[in-house]
Amino acid sequence: MTHHPTAWRLTPRQLAEALGGRLPPPGARIGLLGGSFNPAHEAHRELSMAALRRLGLDEVWWLVSPQNPLKPQQGMAQLARRRASAERKASHPAIRVTTLESQLGTIYTAETLAVLKALFPRVRFVWLMGADNLCQIDRWQDWEAIFQSLPVAVFDRPPYSIRATLAKAAQRFAKFRLPEKSAGLLVTTQPPAWVYVHGRKNPLSATRIRAIHPDWPG
Ligand SMILES: Nc1ncnc2c1ncn2[C@@H]1O[C@H](COP(=O)(O)OP(=O)(O)OP(=O)(O)O)[C@@H](O)[C@H]1O
Ligand SMILES: O=C(O)c1ccc[n+]([C@@H]2O[C@H](COP(=O)([O-])O)[C@@H](O)[C@H]2O)c1
């Protein structure tokens, strides 16, 4: 794994600032929703509210990523614009919008998670993502290390429901899948552990919003 020394150059004060002024208390249960947020939309909020409730989390942190390594740079709005859109959309006391990866100097999720775990060893982190990402996580850098390092919750998303259950990652970690009724135990389950959460499906996507609003980021 690439080492990113920037992470360790953040002073505690800069770190607190990057987190909106508050460090998480030891034992906090925090869901991490990484995304391009190009722009943020209602389904991000719905996923986060479902995660708070179904997984019994204290908070969800949105990690607005500098650049998804698998997405084209073209058409990706500037980080500040995407962050502002996330802040407008989140608007909830239990959702923190951050650009932590740009401050930590990490690009790949596996690196980001390694740094966050080292910075906050007593926080219980869970990785949150939509079913589309379960279908392609096997193309992410060190993807198996992600499953080995923290619990993962996958949220249903049309039209990926069936594809996701057949995904390489779902098969590789099949025996570590918790039944959905045990979703509340995920955060305290030793990884690898994951759960597929069904609920209200929302077909919304940032791609669709960009098609309707070609002037985004405006
Ligand atoms: N409608 C949705 N239902 C469930 N999860 C979603 C939905 N939209 C986005 N997500 C999840 O939220 C996270 C961030 O998504 P992202 O910001 O890429 O939005 P997107 O709508 O997928 O964007 P794009 O259409 O540009 O690929 C990802 O884990 C993604 O799977
Ligand atoms: O680490 C990787 O190789 C990797 C490859 C693709 C996507 N990701 C992360 O997946 C999250 C979801 O990305 P996106 O663009 O689907 O919203 C976001 O945090 C990305 O940084 C990470």
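Relevant structure appears above.
Cut-off values and rules
Residues numbered from 1 in each chain as written. Chains lettered and ligands numbered in written order. Predicted model: local features only at pLDDT ≥ 70, side-chain atom pairs only at ≥ 80, totals over all residues. Helix = DSSP H or I, 4+ residues; strand = E, 2+ residues; numbered from the N terminus. Expected span 1.5 Å × (residues − 1). Buried ≥ 20, exposed ≤ 12 C-beta atoms within 10 Å, placed from the backbone. Arc of directions from axis to C-beta. Core = buried A, V, L, I, M, F, W, Y, C linked by C-beta atoms within 7 Å. Contact = placed C-beta atoms within 7 Å. Near = placed C-beta within 6 Å. Nonpolar A, V, L, I, M, F, W, Y, C, P; charged D, E, K, R; others polar. Pairing = 2+ DSSP bridges. Axes fitted to C-alpha atoms, helices over the stretch in contact; angles between N-to-C directions.

Peer 1: Looking at this structure, I do not really get helix 3 (residues 42-55). What am I missing?
Peer 2: Note that an α-helix has 3.6 residues per turn; residues three or four places apart therefore point the same way. For helix 3, which comprises 14 residues, the first-to-last C-alpha distance of 19 Å matches the rise-based estimate of 20 Å (1.5 Å per residue) to within 8%. Three or more residues of helix 3 are buried, namely His44, Leu47, Ser48, Ala50, Ala51 and Leu55. Around the axis of helix 3, the buried residues are gathered within 165° of arc, so they sit on the same side. Structural note: helix 3 exposes Glu42 and Arg53 on the side pointing more than 90 degrees away from its buried face.

Peer 1: Help me out: how do you make sense of the nonpolar core in this one?
Peer 2: A general trend in soluble globular proteins is that nonpolar side chains are found buried together. If you look at the biggest cluster of nonpolar residues, it comprises 50 residues, and the most contacted ones within it are Leu32, Trp62, Val126, Leu128, Leu134, Ala153 and Val154. Setting aside chain neighbours within four positions, we find leucine 134 in contact with Met129, Val154, Ala164, Ala167, Ala169 and Ala170.

Peer 1: Even after reading the chapter, I still don't get the environment of alanine 114, so can you show me in this structure?
Peer 2: Tracing the backbone through its elements, the reader meets alanine 114 in helix 6 (residues 109-119). Between the alpha carbons of alanine 114 and glutamate 42 there is a distance of 29 Å; along the sequence they are 72 residues apart.

Peer 1: When you look at the site of ligand 1 in this model, what are you seeing that I'm missing?
Peer 2: What surrounds ligand 1 is a group of 19 residues, the closest being Gly35, Ala43, Gly130, Ala206 and Thr207. Elements that contribute at least two residues to the shell around ligand 1 include exactly strand 1 (29-35), helix 3, strand 4 (124-130), helix 7 (131-136) and helix 11 (206-212). For the shell around ligand 1, the per-class residue count stands at eight nonpolar, nine polar and two charged.

Peer 1: Even after reading the chapter, I still don't get the site of ligand 2, so can you show me in this structure?
Peer 2: Taken together, 15 residues lie around ligand 2, and Gly34, Gly35, Ser36, Tyr108 and Trp140 are the ones closest in. Listed by contribution, the elements that provide at least two residues to the shell around ligand 2 are strand 1 and helix 6. The residue makeup of the shell around ligand 2, split by class, is six nonpolar, eight polar and one charged.

Peer 1: It is not clear to me how the sheet that holds strand 2 (residues 59-64) should be interpreted in this structure. Could you clarify?
Peer 2: Strand pairs in the sheet, formed through backbone hydrogen bonds, run parallel or antiparallel to each other. An order of 3-2-1-4-5-7-6 is seen for the seven strands of this open sheet, with the pairing classed as parallel. The open sheet has two edge strands, strand 3 (95-98) and strand 6 (177-178), and neither has a second partner. Bridge count for strand 1 against strand 4 is five bridges, and the pairing is parallel. Note that in strand 4 the partner of leucine 32 across the bridge is tryptophan 127. In the packing of helix 3 onto the sheet, the strands contacted are strand 1, strand 2, strand 3, strand 4, strand 5 (152-155) and strand 7 (194-197), and the crossing angle to strand 1 comes to about 160°.

Peer 1: What am I meant to see in unusual backbone geometry here?
Peer 2: The phi angle of most residues is negative, glycine excepted, and most peptide bonds adopt the trans form. Residues proline 191 and proline 192 are joined by a peptide bond in cis, for which omega reads 0°. With respect to the helices and strands, the residue proline 192 is situated in the loop between strand 6 and strand 7. Along the chain, tryptophan 216 connects to proline 217 via a cis peptide bond; the corresponding omega equals 10°. Positionally, proline 217 belongs in the segment after helix 11. A positive phi angle, near 40°, is found at serine 91, a position not held by glycine. Although it is not a glycine, aspartate 142 sits at a positive phi angle of roughly 50°.

Peer 1: Even after reading the chapter, I still don't get the pairing of strand 7, so can you show me in this structure?
Peer 2: When a strand is regular, its side chains alternate between the sheet's two faces. Two strands pair when backbone bridges link them, and strand 5 and strand 7 are joined in this way by four bridges, in the parallel orientation. Considered in strand 7, the bridge of phenylalanine 155 is made with valine 197. Here two bridges tie strand 6 to strand 7, and the two strands are oriented parallel to one another. In the strand pairing of strand 7, leucine 178 is matched with valine 195.

Peer 1: Whenever I open this one, helix 4 (residues 79-90) confuses me. Can you help?
Peer 2: Helix length check: helix 4 (twelve residues) gives 16 Å between terminal C-alpha atoms against 16 Å at 1.5 Å per residue, within 8%. Listed in full, the buried residues belonging to helix 4 are Arg82, Ser85, Ala86, Lys89 and Ala90. Buried positions in helix 4, seen along its axis, are confined to an arc of 125° and lie on one side of it. Opposite its buried face, helix 4 presents the exposed residues Ala80 and Arg88, each directed more than 90 degrees away. On its buried face, helix 4 sits against helix 3, strand 2 and strand 3.

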